[in-house]
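# Structure assessment
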Amino acid sequence: ILNVEQSPQSLHVQEGDSTNFTCSFPSSNFYALHWYRWETAKSPEALFVMTLNGDEKKKGRISATLNTKEGYSYLYIKGSQPEDSATYLCASLNAGGTSYGKLTFGQGTILTVHP
Amino acid sequence: SAVISQKPSRDICQRGTSLTIQCQVDSQVTMMFWYRQQPGQSLTLIATANQGSEATYESGFVIDKFPISRPNLTFSTLTVSNMSPEDSSIYLCSVSSGPNEQFFGPGTRLTVL
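Not measured: the values here are computed from a predicted model.

Conventions used here
- Residues numbered from 1 in each chain as written.
- Chains lettered and ligands numbered in written order.
- Predicted model: local features only at pLDDT ≥ 70, side-chain atom pairs only at ≥ 80, totals over all residues.
- Heavy atoms only, no water.
- Helix = DSSP H or I, 4+ residues; strand = E, 2+ residues; numbered from the N terminus.
- Rg over C-alpha atoms; globule rule 2.2 N^0.38 Å.
- Buried < 20%, exposed > 50% of the residue type's maximum accessible area, 1.4 Å probe, protein only.
- Contact = heavy atoms within 4.5 Å.
- Areas by Shrake-Rupley, 256 points an atom, 1.4 Å probe, with all protein chains shown as cover.
- Lys, Arg positive; Asp, Glu negative; His and termini not counted.
- Charge placed at Lys NZ, Arg CZ, Asp CG, Glu CD.
- Disulfide = S-S within 2.5 Å.

### Topic: the overall build of chain A
In terms of regular secondary structure, chain A is built from 0 helices and 11 strands. Against the 2.2 N^0.38 benchmark of 13 Å for 115 residues, chain A shows a C-alpha radius of gyration of 14 Å, consistent with a compact globule. Across the 115 residues in chain A, those meeting the buried criterion constitute 46%. In chain A, once contacts between residues fewer than 6 apart in sequence are set aside, the share between residues at least 24 apart is 53%. On chain A, roughly 5700 Å² of surface is accessible, and the fraction owed to carbon and sulfur atoms is 47%. Computed over 9 positive and 10 negative side-chain charges, the separation of the two mean positions in chain A equals 6 Å.

### A word on the state of the cysteines
Scanning the model with the defined rule gives 2 disulfides over all chains in all. Residue cysteine 23 of chain A pairs covalently with cysteine 90 of chain A via a disulfide, S to S 2.0 Å. Judged by the torsion about the S-S bond (80 degrees), the cysteine 23 of chain A/cysteine 90 of chain A disulfide is right-handed. Placement of cysteine 23 of chain A in strand β3 (residues 19–24) and of cysteine 90 of chain A in strand β9 (residues 86–94) is noted, with a sequence separation of 67 residues between them. For cysteine 23 of chain A, a relative accessible area of 0% gives the class buried. The thiol of cysteine 13 of chain B is not disulfide-bonded; the next cysteine sulfur, from cysteine 93 of chain B, is found 18 Å away.

And the structure:
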């Protein structure tokens, strides 16, 4: 059974602050790590899919890194804005499973950015 | 990316009743999945909806409780049967055409009284 852990559980920051969250996952049989941004009443929005150790990806003010050997990924937000407020989910895809869509999710980090 | 819609977006139901949730995709997709998120918990995969055959259920989920249909490559339904308050969750469908992509619908928020 895969256990994907995210920390912190929730985070409050001021507008303009930079912040980061952690996702840890079992490194054995790793295939890919997905990051999603989920606003209430909307679809989870895919941010990044990362597969290679040392991967770094960037989308505007948001970036992510991946360490598959030690089993963690960081998500960074630079200069947080109130519209960044959402739940950020990571999910691990395990190689060798019966379904390549079987993502195992962490519990998410709830980010609130105060004006 | 695929555009996915779900109906209903939310519902409040009495215990012992059943609710069927619909998922419609704007293009043909290989894989469709159903997830749920109970309050304070992670998104958890219920089953893979297989076109033309029985769904593949994850450990802890059974067909009698969560019957799934997938009559074609763009549509699926999930029924939550004989509901109890513990079934109060957000139910999401998702689609994938490869291991490096998975898109989600907006979810159905279910409250069981």
